[in-house]
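Here is how the chains run, residue by residue.
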Amino acid sequence: MNERQGHVEGLSEHELSEIRMLIEERTGICFDESRERFFSTRVREHLRAKGIERGTELLRAMRKSNIEYEGLLERLLTQETSFFRYPGVYQAFEKRVLPELHTKKFWNNPRTLRIWSAGCSTGEEPYSIGITIADSLSFADAWNVEILATDVGRHALKHAERGTYKGRSIASVNERQLANHFTEVSGGHQVKPRLRKMVSFAQMNLAATVYVGRMDMIFCMNVLIYFSEERRRSLVQRFYDTLEPGGYLFLGHSESISKMPVKFQAIVLNDCILYRKPTADELQKPELVAEGRA
Ligand SMILES: C[S@@+](CC[C@H](N)C(=O)[O-])C[C@H]1O[C@@H](n2cnc3c(N)ncnc32)[C@H](O)[C@@H]1O
């Protein structure tokens, strides 16, 4: 049966669109035409799994209970990720960003580095950040490194907290990193406590404004693509405000902030673009800053 025609298993187009609006309103995630089929298939799967016969029943339950709402949300989230997903990003992070911040903060006491992995899914991204810092920052132990890793998906965060990975997820972790940062356990490889201690996981909805303190770097990779243009703009502005002057924003490969009015300096390195927040001095010299240009 064609899903776009009227009722499908007690679920009308109107109900589907109400559910879509509810999810978008609360999380910013936008199911446009390209993801319509994915959306209706997942909602129907959910109805079947919960033994709910009608869309109206599901809507009522979602509005009444956060648990019901999150149950469906988890099914709709795209949580694909892996360690060192874009090697070029981690190279740029290691070769350009860390040395720059090292020089900038060398005389600070304490020497603190604060990083936010926004939309961290099952944890591969924040742990990859931690591994890169531990392996390449000079005297890494002398730094106070805090990686805040947030996601709206509770199941993904539980997985992240367990920190056990196998298969494709850790395919890009090399032998040396595996030996230094993981312990072999029955279900795969588990991150060692030293790496685990660098990362704090928290459930956080990016559509809600939560104060996280100032950050030196923000990784928000492959999250903005799911948001509407308007949400994207306000989130990028929030990231700008959250970053320290001289701090960096890392986005996914297909995400660009071109045409946005934020004053990030776009730096092209190999196959990736880094967005640097200019310092107050640099803002006085507009020729140094390409406004939101990608
Ligand atoms: C495709 S994954 C990206 C994971 C990782 N950043 C990477 O690039 O490998 C997108 C993540 O964004 C999260 N997400 C989507 N909407 C969100 C929201 N409103 N607030 C917080 N996290 C959200 C999803 O749960 C999912 O884990």
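Residues numbered from 1 in each chain as written. Predicted model: local features only at pLDDT ≥ 70, side-chain atom pairs only at ≥ 80, totals over all residues. Heavy atoms only, no water.

## Considerations on the site of the ligand
The cut-off we apply is this: If a single non-hydrogen atom of a residue is within 4 Å of a molecule or strand, that residue counts as near it. Whenever two N or O atoms come within 3.5 Å, that pair is a polar contact, provided that in protein one can donate a hydrogen and the other can accept it, and provided that, for residues adjacent in sequence, both atoms are side-chain atoms. Under the grouping applied here, Gly and all other residues not named as nonpolar or charged are polar, the nonpolar ones being Ala, Val, Leu, Ile, Met, Phe, Trp, Tyr, Cys and Pro and the charged ones Asp, Glu, Lys and Arg.
In the vicinity of the ligand there are 20 residues, among which T27, T81, R85, E125 and D151 approach most closely. At 2.8 Å, a backbone N or O of G119 approaches a nitrogen atom of the ligand. Interatomic distance of 2.7 Å between a side-chain N/O atom of E125 and a nitrogen atom of the ligand. Taken together, the residues of the shell around the ligand break down into 8 nonpolar, 8 polar and 4 charged.

## Examining helix α6 (residues 124-136)
Keep this limit in mind: Comment: elements are numbered from the N terminus, with helices defined as DSSP H or I runs of at least four residues and strands as E runs of at least two. In this scheme, a helix's expected span is set at 1.5 Å multiplied by one less than its residue total. Categorising residues by exposure relies on relative accessible area from a 1.4 Å probe, with only protein chains included: less than 20% of the type maximum marks a residue as buried, more than 50% marks it as exposed, and the intermediate range marks it as partly exposed.
Taking 1.5 Å of rise per residue, the 13 residues of α6 would be expected to cover 18 Å, and the 18 Å separating its terminal C-alpha atoms lies within 8% of that figure. Judged by how many residues are buried, α6 sits mostly within the fold: 11 of 13 residues are covered. Of all the residues in α6, the buried ones are E124, E125, P126, Y127, S128, I129, G130, I131, T132, I133 and A134.

## Notes on the domain arrangement of the chain
Rules: A domain assignment, automatic or from a database, supplies the domain bounds used here. Contact definition: two residues touch when any of their heavy atoms are within 4.5 Å. The term buried area means the drop in 1.4 Å probe accessible area that two parts suffer when joined, counted for both and summed.
Taken domain by domain, the chain comprises domain 1 (13-76) and domain 2 (87-288). The distance between the C-alpha centroids of domain 1 and domain 2 comes to 30 Å. Contacts between domain 1 and domain 2 engage 11 residues on the former and 12 residues on the latter. Summed over both sides, the interface between domain 1 and domain 2 buries roughly 880 Å², with carbon and sulfur atoms accounting for 46% of that surface.

## A look at the nonpolar core
Note the cut-off: Residues belong to one nonpolar core when they are buried, are Ala, Val, Leu, Ile, Met, Phe, Trp, Tyr or Cys, and are joined through side-chain atoms within 4.5 Å.
Residues I19, V43, W116 and F264 are the most contacted members of the largest nonpolar core, which totals 46 residues. Counting the residues that make up this core, at least three belong to each of domain 1 (13-76) and domain 2 (87-288). Not counting residues within four places of it along the chain, the set of residues in contact with I19 comprises L11, F39, V43, L58, L59, M62 and L72. One finds L137, V191, M221 and F250 within the second-largest nonpolar core, a separate group that totals 44 residues.

## Focus: the sheet that holds strand β5 (residues 188-191)
Across a sheet, strands are paired by hydrogen bonds formed along the backbone, either parallel or antiparallel in direction. Note the following rule: Pairing between strands is defined by DSSP: at least two bridges between the two strands are required.
Taking strand neighbours across the sheet as the criterion, the 3 strands line up as β3-β5-β4 in an open arrangement whose pairing is antiparallel. Both edges of this open sheet fall to β3 (164-165) and β4 (182-185), since each of them pairs with a single strand only. With 2 bridges connecting them, β3 and β5 associate as antiparallel partners. Bridged to Y165 within β5 is H189.

## Here's the deal with the packing of aromatic side chains
Where two aromatic rings form a pair, the distance of their centres and the angle of their planes describe that pair. For clarity, the threshold we go by: Working definition: rings of Phe, Tyr and Trp (its six-membered ring) pair if their centres are within 6.5 Å, and the pair is stacked with planes under 30 degrees apart, edge-to-face with planes over 60 apart, and tilted otherwise.
In total, this model carries 15 aromatic pairs according to the counting rule given. Taking the centre distance of 5.9 Å and the plane angle of 85 degrees together, the rings of F93 and F250 count as edge-to-face. Pair noted here: F93 is in helix α5 (residues 87-105) and F250 is in strand β8 (residues 243-251), with a separation of 157 residues, a long-range link. F250 matches F93 in its accessibility class, with the two residues each being buried. When the ring of Y127 is compared with that of F201, the centres are 5.6 Å apart and the planes differ by 70 degrees; the resulting orientation is edge-to-face.

## Considerations on unusual backbone geometry
Of note, the bond from N109 into P110 is cis; its omega dihedral lies within 30 degrees of zero at 0 degrees. Mapping P110 onto the fold places it in the loop between α5 and β1 (112-118). The backbone of S121 shows a phi angle near 55 degrees, a positive value even though the residue is not glycine. With respect to the element layout, S121 can be found in the loop between β1 and α6. One non-glycine residue, N222, adopts positive backbone phi at about 60 degrees. Take N222: its relative accessible area is 13%, and that puts it in the buried class.

## Some details on the sheet that holds strand β10 (residues 272-276)
What counts, and what does not: For helices, the fitted axis covers only the stretch in contact; all axes are lines through C-alpha atoms, and the angles between them, taken along N-to-C directions, range from 0 to 180 degrees.
Strand order in the open sheet made by the 7 strands is β6-β2-β1-β7-β8-β10-β9, with mixed pairing throughout. Edge strands, defined here as strands with exactly one partner in the open sheet, are β6 (199-203) and β9 (265-269). The average angle at which neighbouring strand axes cross in this sheet is 20 degrees, direction not considered. With 3 bridges connecting them, β1 and strand β7 (residues 215-220) associate as parallel partners. What sits directly across from W116, in β7, is I218. With respect to the sheet, α5 is in contact with β1, β7, β8, β9 and β10, its orientation differing from that of β8 by roughly 175 degrees.

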